[in-house]
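# Residue-level structure breakdown
Chain residues, written in single-letter form:
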Amino acid sequence: MRVELTVNGERRQGDAWGGQSLLSFLRDRLELPGSKNACEQGECGSCSVLLDGVLVCSCLVLAAQAHGHDVVTVEGLAGDDGLHAVQEAFVAAGAVQCGFCTPGLVVATVALLERSPSPTDDEIREALSGNLCRCTGYAKVFDAVRRAAEA
């Protein structure tokens, strides 16, 4: 089936098989490797994207369900003038570690700050609870979110 959608502000299209996930479609068909394939069960958050402005695990969304919709991946956050403020904050705070979970954490942080520009620690904890990181105790991630909120 032919899937047409807007990805990172650009109209894109490609062929998808009926059971293909949005994650697989983004990575394999549209060559956007930023969203990571880890659990394929919506448990780790490494594949997080914004679908019509709502944070979703792209491994749980069929490519066909995204037809006609707007998707923002971690690649689409940076602008012509450089990294997104959240991306800069993650780098400055040293919150990237191995980097595998970083794209999902960055996208989740963007979604959080869009709805709560000055989040409390409890709001940060809740917003990022769907994102697993095996490298950190999340202290630097929290620092990055706070830094981005101040920017």
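Use the structure listed above.
Given the structure is predicted, the values throughout are model-derived calculations rather than measurements. Here the residue numbers are simple positions, counted from 1 along each chain's written sequence. Per-residue local features of the predicted model are confined to residues with pLDDT of at least 70, and side-chain atom pairs are confined, for both listing and counting, to 80 or more; whole-chain, interface and lining totals are unaffected and use all residues. In computing side-chain properties, one takes all heavy atoms of the structure into account and sets aside hydrogens as well as water.

To continue, consider the nonpolar core. Across soluble globular proteins, nonpolar side chains show a tendency to be buried alongside one another. Put simply, buried Ala, Val, Leu, Ile, Met, Phe, Trp, Tyr and Cys residues joined by side-chain atoms within 4.5 Å make one nonpolar core. The cut-offs for exposure are 20% and 50% of the maximum accessible area for each residue type, with area from a 1.4 Å probe on protein chains only; residues under the lower value are buried, those over the upper are exposed, and the others partly exposed. If you look at the biggest cluster of nonpolar residues, it comprises 26 residues, and the most contacted ones within it are Val-86, Phe-90 and Leu-128. The way it works is that DSSP assigns letters per residue, a run of H or I at least four long becomes a helix, a run of E at least two long becomes a strand, and they are numbered from the N terminus. Every element with two or more residues in this core is listed here: helix H2 (85–93), helix H3 (102–115), helix H4 (121–127) and helix H5 (139–150). With 8 residues, the single largest contributor to this core is H3. Whether two residues are in contact is decided by their heavy atoms: any pair within 4.5 Å suffices. Look past the residues within four positions of Leu-128 in its chain and what remains in contact with it is Leu-105, Ala-108, Thr-109, Val-141 and Val-145. Counting 16 residues, the second-largest nonpolar core is a separate cluster that includes Ala-16, Phe-25, Ala-66 and Val-71.

Further remarks concern H2. For an α-helix, the turn length of 3.6 residues means that residues three or four places apart are oriented alike. For H2, every residue scored as buried is listed here: Val-86, Gln-87, Ala-89, Phe-90 and Ala-93. In a view along the axis of H2, the buried residues occupy a sector of 160 degrees, so they form one face of it. On its buried face, H2 sits against H3 and H5. Once H2 finishes, Gly-94 follows within two positions and takes phi at roughly 70 degrees, a positive value. Throughout, the arc means that of the directions going from the helix axis to the C-beta atoms.

With that settled, the discussion passes to H5. For a helix, the expected span equals 1.5 Å multiplied by the residue count minus one. Helix length check: H5 (12 residues) gives 17 Å between terminal C-alpha atoms against 16 Å at 1.5 Å per residue, within 8%. Those residues of H5 not exposed but buried are Val-141, Phe-142, Ala-144, Val-145 and Ala-148. In an axial view of H5, the angular spread of the buried residues amounts to 155 degrees, which keeps them on one side of the axis. For H5, exposure combined with an orientation more than 90 degrees from the buried face picks out Ala-139 and Glu-150. Contacts made by the buried residues of H5 are with H2, H3 and H4.

Attention shifts here to the side chain of Asn-131. Looking at the element boundaries, Asn-131 is found in the loop between H4 and H5. On the basis of relative accessibility, which here comes to 4%, the residue Asn-131 falls in the buried class. Within 3.5 Å is the distance limit for a polar contact, defined as a pair of N or O atoms, with the added protein rule that one can donate a hydrogen and the other accept it, and that residues adjacent in sequence qualify only through two side-chain atoms. Of note is the side chain of Asn-131, whose polar atom sits 3.3 Å from the backbone oxygen of Gly-104. Residue contacts for Asn-131: discarding those within four places in its chain leaves Cys-44, Gly-45, Ser-48, Gly-104, Leu-105, Ala-108 and Tyr-138.

Turning our attention to the state of the cysteines. To count as a disulfide, a pair of cysteine sulfur atoms needs to be within 2.5 Å. Summed over the entire model, instances satisfying the criterion amount to 0 disulfides. With no disulfide of its own, Cys-44 lies closest to Cys-39 among cysteine sulfurs, the gap being 3.7 Å. Residue Cys-44 is classed as buried on the basis of its relative accessible area, which comes to 12%. Here Cys-101 stays unpaired: no disulfide links it, and the sulfur of Cys-133, its closest cysteine neighbor, is 3.6 Å away. Overall, Cys-101 belongs to the buried group, its relative accessible area being 9%.

This brings us to the environment of Cys-98. By secondary structure assignment, the location of Cys-98 is in the loop between H2 and H3. Note: C-alpha distance between Cys-98 and Arg-115 (17 residues apart in sequence) is 28 Å.

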